[in-house]
Amino acid sequence: MRIHFVGIGGVGMSSLAIHCHLMGHDVYGSDISRNEHTEVLERLGVKIFLGHTRENWLNPELLVHTPAVSANNPELLRAQEENVGIVTRFELLRQLVESSTQFAVTGSDGKTTTTAMLAHVLKAIGADPTVFLGGMNPSLEFGNYRKGSGPFVYELDESQPSFSSFHPTHLIITNARRDHLENFHGDESYYMSCFEKLAESAQNVVTFREDRLTSHLGHHTFGLNEGTCVLLDRKVERFEQLATIRLDGKTHKLRLRVPGLHNVLNAMAVVTLLWAAGFDPEDVTRALSSFVGTYRRFSVTTIDESKNIYVVDDYAHTPDEIAWLIRTSREVFTGLKQVMIFQPHRYTRLAREDGNFAKALMDADEIYVTEVYGAFEQVLPNVSARMIVDGLKNHGKKAEYVPSPEELLMKVKPAPNTVYLFVGAGDIIDYSKRFVQESIST
């Protein structure tokens, strides 16, 4: 089958395209620009068109698109005119994994790292999973994808109601934060009904005991104080940590090479799910000890170790993720100044944030906020990153609004005993790279 992918360079779309290519389909696609994902596809021999036009056309039998693709996309319109089958990436993923054993991870925060941990363990213990990841992890052959002969492991994006149409065998729900409520008609009851429908379809569900919205959906839970799996003790060793957990009345040691209490919780979710699926917790914890982090999840660049100057790149884009990030950075870089450079992601998210971003950023020592990265959204009137800065100032916290990331490089200069946190799900990573390159060269 010849398949046309519109937006083929996205992290989720590219993994699907790689899978279909390796399964023998004739795959090609388009995107607005080249990136690391399109480069991988091109090395595999996949044709990539740059830009979106009617001429990007090789007579496909199926067209796949993301929710970000507008209804007037010329390639989508041509597919409609020529009666070519059209599916979303959600629909294609569901078709690919159905009728197989499935391990899925969904939730507002932590799903990429948790999925990567789950995939790493199943690979290490010989289950040979096929993996679709919403990020890049070095343990997967293509970063965001691995082809195997065993179960499917996938990150299930909860941003659209259609996530509830999946039927995973095993499911982790990390939490629910109403993060994409605009896609659910602004209706929290509808939003929660989708989580409930998904959980009802799964044989084995694990949830976070302390999560207000989803804890009751789990057959088993993990938590800080209560649950099937409970954290008893945790010791921080800079970038590593050692935790003691109790699972179903038995104690286990959990050593991780990734920092942060949130990553202990992610690992506990994996241990609990795989224990419930019949795997030995000791095998699982042993495998987790070799797990390395996912790209842009507390990725550390050293500018000058002798002067204690570090850069941290992180994808955090919700208030809770930001709060966990700052807490983790203070644990890892004890006593160093924490400079936050934050790029908000999506106008709709900022519009309903209700001061929560300002509260999450309060624990940083110095704060710069640049304008919103729209992620294909239209600019909303009266919605600006200035809202966050104003909120911080109302709390008595000094912060500066910098309209463009370009201006940040003029204002922020490396200083000894400082950690620079470049944070957000947009293109802030490009400016982090330039900050490092220009700092090293000067």
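Residues numbered from 1 in each chain as written. Predicted model: local features only at pLDDT ≥ 70, side-chain atom pairs only at ≥ 80, totals over all residues. Heavy atoms only, no water.

Draft legend 1. Inspection of the sheet that holds strand β15 (residues 250-256) at higher detail. A sheet is described by the order of its strands in space; here 10 strands give the open sequence β8-β7-β9-β6-β10-β11-β12-β13-β14-β15, paired in mixed fashion. Of all the strands in the sheet, just β8 (145-146) and β15 have a single pairing partner and so form its edges. Examined bridge by bridge, strand β6 (residues 102-106) and strand β10 (residues 170-173) share four bridges and lie parallel to one another. If you follow Thr106 over to β10, its bridge partner there is Ile173. (Pairing = 2+ DSSP bridges. Helix = DSSP H or I, 4+ residues; strand = E, 2+ residues; numbered from the N terminus.)

Draft legend 2. The packing of aromatic side chains, seen in detail. Tallied over the full model, the rule gives 16 aromatic pairs. A centroid spacing of 5.6 Å and a plane angle of 40° characterise the contact between Tyr154 and Phe166, whose relative ring orientation is tilted. Here the residue Tyr154 occupies a position in strand β9 (residues 152-155), and Phe166 occupies one in the loop between β9 and β10, the gap between them amounting to 12 residues. Accessibility expressed as a relative area gives 0% for Tyr154, which makes it buried. Owing to a relative accessible area of 0%, Phe166 belongs among the buried residues under this scheme. With a centroid separation of 5.8 Å and 65° between ring planes, the pair formed by Phe184 and Tyr190 is classed as edge-to-face. Given a relative accessible area of 0%, Phe184 falls into the buried group. Through successive ring pairs, a cluster of aromatic residues spans Phe163, Phe184, Tyr190, Tyr191 and Phe195. (Phe/Tyr/Trp six-rings, centres within 6.5 Å; stacked < 30°, edge-to-face > 60°. Buried < 20%, exposed > 50% of the residue type's maximum accessible area, 1.4 Å probe, protein only.)

Draft legend 3. Broad picture of the layout of surface pockets. The computed volume of the second largest pocket comes to approximately 430 Å³. Put simply, the parts of the chain that give the lining of the second largest pocket at least two residues each are α9 (319-332) and α11 (356-361). When residues of the lining of the second largest pocket are assigned to their parent elements, the largest contribution, four residues, is made by α11. When grouped by side-chain class, the residues that make up the lining of the second largest pocket number six nonpolar, two polar and 12 charged. (1 Å grid on protein atoms, 1.4 Å probe; cavity = no way out; pocket = protein on both sides within 12 Å on 5 of 7 lines; lining within 4 Å. Points joined across faces, edges and corners; volume = space filled by probe spheres on them. Nonpolar A, V, L, I, M, F, W, Y, C, P; charged D, E, K, R; others polar.)

Draft legend 4. The sheet that holds strand β1 (residues 2-6), seen in detail. In spatial order, the strands read β3-β2-β1-β4-β5; together these five strands make up an open sheet with parallel pairing. The sheet is open, and its two borders are formed by β3 (47-50) and β5 (85-88), each paired with just one other strand. Ignoring which end each strand starts from, the neighbouring axes of this sheet average 20° apart. Across four bridges, the pairing between strand β4 (residues 62-65) and β5 is parallel. From the neighbouring strand, His65 faces β5, where its bridge partner is Thr88. Docked against the sheet, helix α3 (residues 74-81) engages β1, β2 (26-31), β4 and β5, running at close to 145° with respect to β4. (Axes fitted to C-alpha atoms, helices over the stretch in contact; angles between N-to-C directions. Contact = heavy atoms within 4.5 Å.)

Draft legend 5. Looking closely at helix α4 (residues 89-97). Those residues of α4 that fall on the buried side of the exposure criterion are Phe90, Leu92, Leu93 and Val97. One side of α4 holds all its buried residues, which, seen down the axis, span an arc of 165°. In the stretch just after α4, Ser99 is the one whose phi turns positive, near 70°. (Arc of directions from axis to C-beta.)

Draft legend 6. Inspection of the pattern of salt bridges at higher detail. Taken as a whole, this structure holds 22 salt bridges when the rule is applied. A salt bridge links Asp26 to Arg2; the shortest N-O distance between them is 2.8 Å. Of this pair, Asp26 sits in strand β2 while Arg2 is found in strand β1, placing the two residues 24 residues apart along the sequence. By relative accessible area, Arg2 is classed as partly exposed at 29%. For Arg34, the salt bridge goes to Glu42, with nearest N and O atoms at 3.3 Å. The exposure class assigned to Arg34 is partly exposed, which follows from its relative accessible area of 48%. You can call Glu42 partly exposed: its relative accessible area is 29%. Overlapping salt bridges bring together Asp109, Arg177, Asp211 and Asp320 as one network. (Salt bridge = Lys/Arg side-chain N within 4 Å of Asp/Glu carboxyl O.)

What is shown is where atoms sit, not what they do.
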